Amino acid sequence: MGIVKISDQMHENLRVAGNALSRSINAQAEHWMRVGMLTEMHPELDHREICQMLIRAELAGGLDIAVAVAAPAARPRASSTGKR
């Protein structure tokens, strides 16, 4: 474990979000870091798919960056015109 310096505003944002979602400040920060890391690693995935990846990772014993890098991309999405 280490210390990460953040701005007072980000700390307040973490406090508010953590309270709203019943998480500690540290748990909220870690959640945002995981989601952000996976979003950068898998820009083709949306928030729902990132959350599903986090749940699968938790069921498999926790998030491992080596596994997250190797995770297959999501299935292609249907076009917005309704054609398949």
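Rules of the game
Residues numbered from 1 in each chain as written. Predicted model: local features only at pLDDT ≥ 70, side-chain atom pairs only at ≥ 80, totals over all residues. Heavy atoms only, no water. Helix = DSSP H or I, 4+ residues; strand = E, 2+ residues; numbered from the N terminus. Buried < 20%, exposed > 50% of the residue type's maximum accessible area, 1.4 Å probe, protein only. Contact = heavy atoms within 4.5 Å. Expected span 1.5 Å × (residues − 1). Arc of directions from axis to C-beta.

Draft legend 1. Looking closely at the overall build of the protein. For the protein, the helix and strand inventory stands at 4 helices and 0 strands. When burial is assessed residue by residue, the protein has 19% of its 84 residues classed as buried. Sequence separation of 24 or more characterises 39% of the internal contacts of the protein that already satisfy a separation of 6 or more.

Draft legend 2. Representation of helix α1 (residues 8–20) within the structure. Helix length check: α1 (13 residues) gives 18 Å between terminal C-alpha atoms against 18 Å at 1.5 Å per residue, within 8%. Along α1, the residues that are buried comprise L14, A17 and G18. Down the axis of α1, the buried set is contained in an arc of 100°. They therefore lie on one face. The outward face of α1, more than 90 degrees from its buried face, is lined by the exposed residues D8, Q9, N19 and A20. Elements in contact with the buried residues of α1: α2 (25–41). With its phi angle positive at about 55°, S22 sits one or two positions after the end of α1.

Draft legend 3. Structural view of helix α3 (residues 47–59). Here α3 is 13 residues long and its end C-alpha atoms lie 18 Å apart, about the 18 Å a rise of 1.5 Å per residue gives. For α3, the complete set of buried residues consists of E49, I50, M53, L54 and A57. Along the axis of α3, the buried residues cluster in a sector spanning 145°; they form a single face. In this structure, α3 carries I55, R56, E58 and L59 as exposed residues pointing more than 90 degrees from its buried face.

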